[in-house]
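Here is how the chains run, residue by residue.
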Amino acid sequence: MTIITALKDNGDLKKNWSEVQLKLKEVYGIDVYKSWIQNVEAKEIHHNSLTLIVKTRFVRDWIVSHYADKILDFFQKLDSSVTRIQFEIHENFYNEKNSQTNIVDFATGSQVLDSKDLGYTANRLDHRLTFSNFVVGESNQLVFSAAKRVTETLGHYNPLFIYGSVGLGKTHILNAIGNELKKTEKKIIYLSAERFMYQFVKSIKNKDTQKFKDAFRNADVLILDDVQFISGKEVTQEEFFYTFNSLIENQSQVIISCDRSPNDLDRIQDRIKSRLSGGLVVDIQPPDIALRLQILKNRCKAEEAYFGKEVLINDDILSFIANEFKSSIRDMLGVLNRIIASSRIQNKIPTLQDAKLILKDLLSNMQSVVTIEDIQKIVVNYYNLSMSDFLSSRRSRHVARPRQIAMYLSKKLTTKSLPDIGRKFTGRDHTTVIHAIKKIEELMGGDKKFEYEVQDISNKILKSN
Ligand code: ADP
Ligand code: MG
């Protein structure tokens, strides 16, 4: 391998790894990402094995038992040569670059202490997540009233245990509780169970567990998000249980969220389960269509208020989104954001067709999708060619250009990778596909007529589908 290709490969590796990290962030959320994924670096690929660098054995074990399959899965989509992942532990590799950003929101009035003073860090409450922008419908009515009730009378339900699947508003409602209580003099700790574990393990390592324990036991309110992450880790469970009991005995309020009911938690000790169900257990159900639409409309309004500019999204697009994305409010709002962002960049009101194009990678799982074969057929017809000429190795302009257009549209209208596209064009290399895409973009940039022509073909393909 020459130096130049080695460098390029390493560039690809970094790029692929960043892309995988982003995917993991999407799938597992920001907290998991920050705790486990963000600081992992990709070192090299050697004999089909990807080497990742982590900072401690603990992080490695955790990643191996929780995320390794997904990591491999995502990585293989970008580089199918990789069949294995291995880890290197570099203790000094990590320079604590994030430790200062995780300041404890230890909300006694406006008091905010930083990690150095406390020996551990909690999550910040997100001030944007409040009761007032939590839209209430049938599916979350119960949780909403219980949460309100707790802020009015601490200890009324203790613990308050909120469960529901991902993206349904658990973190939102927990932050709403925290933000409401922040107005009082109460000492609140809000953090995810992941972070609880992480900090606890760190305090063992630094031999200052007492500080860790004291900090928790002095809280008036402990809000713990995603408690399912505690399952399986004996020592942490023990510590959690201990903290939990002493808080309840001190009549501190504990509020917990989880992705399943206490009974459905596996690998968690029975006495913890029964303690968790000792107060009020309420669930958030998936939203119905009316609630989904209302959440979308409210989000558009919030965006307008924030940017001081009208959001130009038609009702048919909102209904389309509300109908297609049923299971997670987070996903649904993510989709809305994408369309809003794109309409801002393009500076136009998107049509439903535009919206579908923007969402092509998401919709491909759910709807009939454009295939490369469809694209080839339509391009061949458009230019009156024969398919065998079109797919042959001939390079004369009258077949080469349509071929490049088809490759360009394959990238644009499908979710296929460059190598996949190359293969569908009688085994061409992915660099040929890149060249084609660049060429067509360049031509479109300099020639309006050509741009319309490609647009015209693209419309025909989308209509045929
Ligand atoms: P979970 O913690 O259950 O996975 P989140 O609380 O993070 O879900 O919610 C995902 C997204 O959906 C957040 O942006 C949140 O603000 C929004 N959301 C969820 N439920 C509602 C609701 N009832 N009203 C407004 N926004 C909501
Ligand atoms: Mg959450």
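Now for a description of the structure that goes with this document. (Residues numbered from 1 in each chain as written. Chains lettered and ligands numbered in written order. Predicted model: local features only at pLDDT ≥ 70, side-chain atom pairs only at ≥ 80, totals over all residues. Heavy atoms only, no water.)

### Section: the site of ligand 1
Next, step 1: Around ligand 1 sit 18 residues in total, of which Val135, Gly167, Lys170, Thr171 and His172 are the nearest.
Next, step 2: Take threonine 171: an N or O atom from its side chain is 2.7 Å from an oxygen atom of ligand 1.
Next, step 3: Side-chain polar atom of histidine 172 to an oxygen atom of ligand 1: 2.7 Å apart, as the coordinates give it.
Next, step 4: Isolated, ligand 1 exposes 550 Å² of accessible area, and the fraction of that covered by the protein chains is 89%.
Next, step 5: Of all the elements in the fold, those that place two or more residues in the shell around ligand 1 are helix H7 (170-181), helix H12 (289-307) and helix H14 (329-346).
Next, step 6: Taken together, the residues of the shell around ligand 1 sort by class into eight nonpolar, seven polar and three charged. (Near = heavy atom within 4 Å. Polar contact = N/O pair within 3.5 Å; in protein donor to acceptor, adjacent residues only side chain to side chain. Areas by Shrake-Rupley, 256 points an atom, 1.4 Å probe, with all protein chains shown as cover. Helix = DSSP H or I, 4+ residues; strand = E, 2+ residues; numbered from the N terminus. Nonpolar A, V, L, I, M, F, W, Y, C, P; charged D, E, K, R; others polar.)

### Considering the pairing of strand S2 (residues 49-54)
Next, step 1: Among the six residues that make up S2, six are buried, leaving the element largely enclosed by the rest of the structure.
Next, step 2: Taking every second residue as pointing to the same face, both faces of S2 are buried, with Ser49, Thr51 and Ile53 on one and Leu50, Leu52 and Val54 on the other.
Next, step 3: Across five bridges, strand S1 (residues 41-46) lies against S2 in antiparallel orientation. Bridge pairing in S2 links glutamate 44 to threonine 51.
Next, step 4: Between the antiparallel neighbours S1 and S2 lie two residues, among them histidine 47 with a positive phi of about 45°. (Buried < 20%, exposed > 50% of the residue type's maximum accessible area, 1.4 Å probe, protein only. Pairing = 2+ DSSP bridges.)

### Some details on empty space enclosed by the protein
Next, step 1: Under the counting rule described, the total for this entry stands at one cavity of 30 Å³ or more.
Next, step 2: Space inside the largest cavity adds up to approximately 50 Å³.
Next, step 3: If you trace the largest cavity, you find it lined by Lys34, Ser35, Trp36, Ile37, Asn39, Val40, Val54, Lys55 and Val59.
Next, step 4: Residue contributions to the lining of the largest cavity peak at four residues, all from helix H2 (residues 30-37).
Next, step 5: Of the residues that constitute the lining of the largest cavity, the class distribution is five nonpolar, two polar and two charged. (1 Å grid on protein atoms, 1.4 Å probe; cavity = no way out; pocket = protein on both sides within 12 Å on 5 of 7 lines; lining within 4 Å. Points joined across faces, edges and corners; volume = space filled by probe spheres on them.)

### A short note on the packing of H12 against H14
Each pair of packed helices gets described by two things: the angle between the helix axes and the distance between those axes.
Next, step 1: Taken N-terminus to C-terminus, the directions of H12 and H14 make an angle of 40°; their axes are 11 Å apart at the nearest point. By the angle between their directions, the pair H12 and H14 is classed as oblique. When the axes of H12 and H14 are compared, the crossing they make is right-handed. Counting all contacts with H12, which are made through Arg292, Ile295, Leu296, Arg299, Cys300, Glu303 and Phe307, the residues of H14 involved are Ile329, Met332, Leu333, Leu336, Asn337, Ile340 and Arg344. (Axes fitted to C-alpha atoms, helices over the stretch in contact; angles between N-to-C directions. Parallel < 35°, antiparallel > 145°, perpendicular 65-115°, else oblique. Left-handed = near helix turned anticlockwise from the far one by under 90°. Contact = heavy atoms within 4.5 Å.)

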